[in-house]
Amino acid sequence: MSTLKSEEISHLATLARVSLSDEESKQFAKQLPQILEFVDQLKNAKITGESPSQAVEQSQLRDDVVGSDSLSTEQLEKLAPKWQNGQVVVPAVFGESEDV
């Protein structure tokens, strides 16, 4: 199990949009190979029984029914802090948005 180079950790941090101190970078350089090794073990694990997708297909889901407690579009528009083109406008989560 090898450690990752500081350039590789820096690149991964940039992709993940996180900033790491030098100490955190050293720590992750040691931990990430262990994590990747564990993921490889999971890939090779033999699964018995139902697959997770089969369990979801067999589960009983309730029918979607519009109830009397639903709000109309007009009511939502009055409650929303900002409304544009029939939608509630919220602050951008990833990056900047020109519309907000």
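Residues numbered from 1 in each chain as written. Predicted model: local features only at pLDDT ≥ 70, side-chain atom pairs only at ≥ 80, totals over all residues. Heavy atoms only, no water.

A closer look at the overall build of the protein
1) Next: What the protein contains, in helices and strands, is four helices and two strands.
2) Next: If you list the helices and strands of the protein from N to C, you get α-α-α-α-β-β.
3) Next: Buried positions account for 7% of the 100 residues belonging to the protein.
4) Next: For the protein, long-range pairs separated by at least 24 residues make up 33% of all intrachain contacts whose partners lie at least 6 apart in sequence. (Helix = DSSP H or I, 4+ residues; strand = E, 2+ residues; numbered from the N terminus. Buried < 20%, exposed > 50% of the residue type's maximum accessible area, 1.4 Å probe, protein only. Contact = heavy atoms within 4.5 Å.)

Comments concerning the confidence of the model for the protein
1) Next: Model confidence for the protein is summarised by a mean pLDDT of 81, while 82% of its residues fall at 70 or above.
2) Next: Looking across the protein, the model is least confident in helix α3 (residues 52–58), with a mean pLDDT of 62, and most confident in strand β1 (residues 83–84), with 91. (pLDDT = per-residue confidence, 0-100.)

Quick word on the pattern of salt bridges
1) Next: In the structure shown here, the tally under the stated rule is one salt bridge.
2) Next: Among the salt bridges present, the one from Lys43 reaches Asp40, with a minimum N-O distance of 3.9 Å. Of this pair, Lys43 and Asp40 both sit in helix α2 (residues 22–43), three residues apart, roughly one helical turn. (Salt bridge = Lys/Arg side-chain N within 4 Å of Asp/Glu carboxyl O.)

Quick word on a nonpolar patch on the surface
1) Next: Residues Leu71, Leu76 and Leu79 make up a contiguous nonpolar surface patch of about 290 Å² in total accessible area.
2) Next: Within the secondary structure layout, Leu76 lies in helix α4 (residues 73–79). (Patch = residues over 30% accessible without salt bridge, like charges linked within 9 Å, V, L, I, M, F, W, Y side chains within 5 Å. Areas by Shrake-Rupley, 256 points an atom, 1.4 Å probe, with all protein chains shown as cover.)

So, unusual backbone geometry
1) Next: Unlike most non-glycine residues, Arg17 shows phi in positive territory, near 60°.
2) Next: Of note in the backbone geometry, Asn85 takes a positive phi value of approximately 55° without being a glycine.
3) Next: By relative accessible area, Asn85 is classed as exposed at 72%.

Observations regarding α2
1) Next: For α2, built from 22 residues, the straight-helix expectation of 32 Å at 1.5 Å per residue is met to within 8% by its first-to-last C-alpha distance of 32 Å.
2) Next: Most pronounced at Gln31, the bend in α2 amounts to some 30°, and the proline Pro33 follows within four residues.
3) Next: Among all positions of α2, only Ser25, Ala29 and Pro33 are buried.
4) Next: Contacts from the buried residues of α2 go to α1 (6–16). (Expected span 1.5 Å × (residues − 1). Bend = angle between axes of the 7 residues up to and from the residue.)

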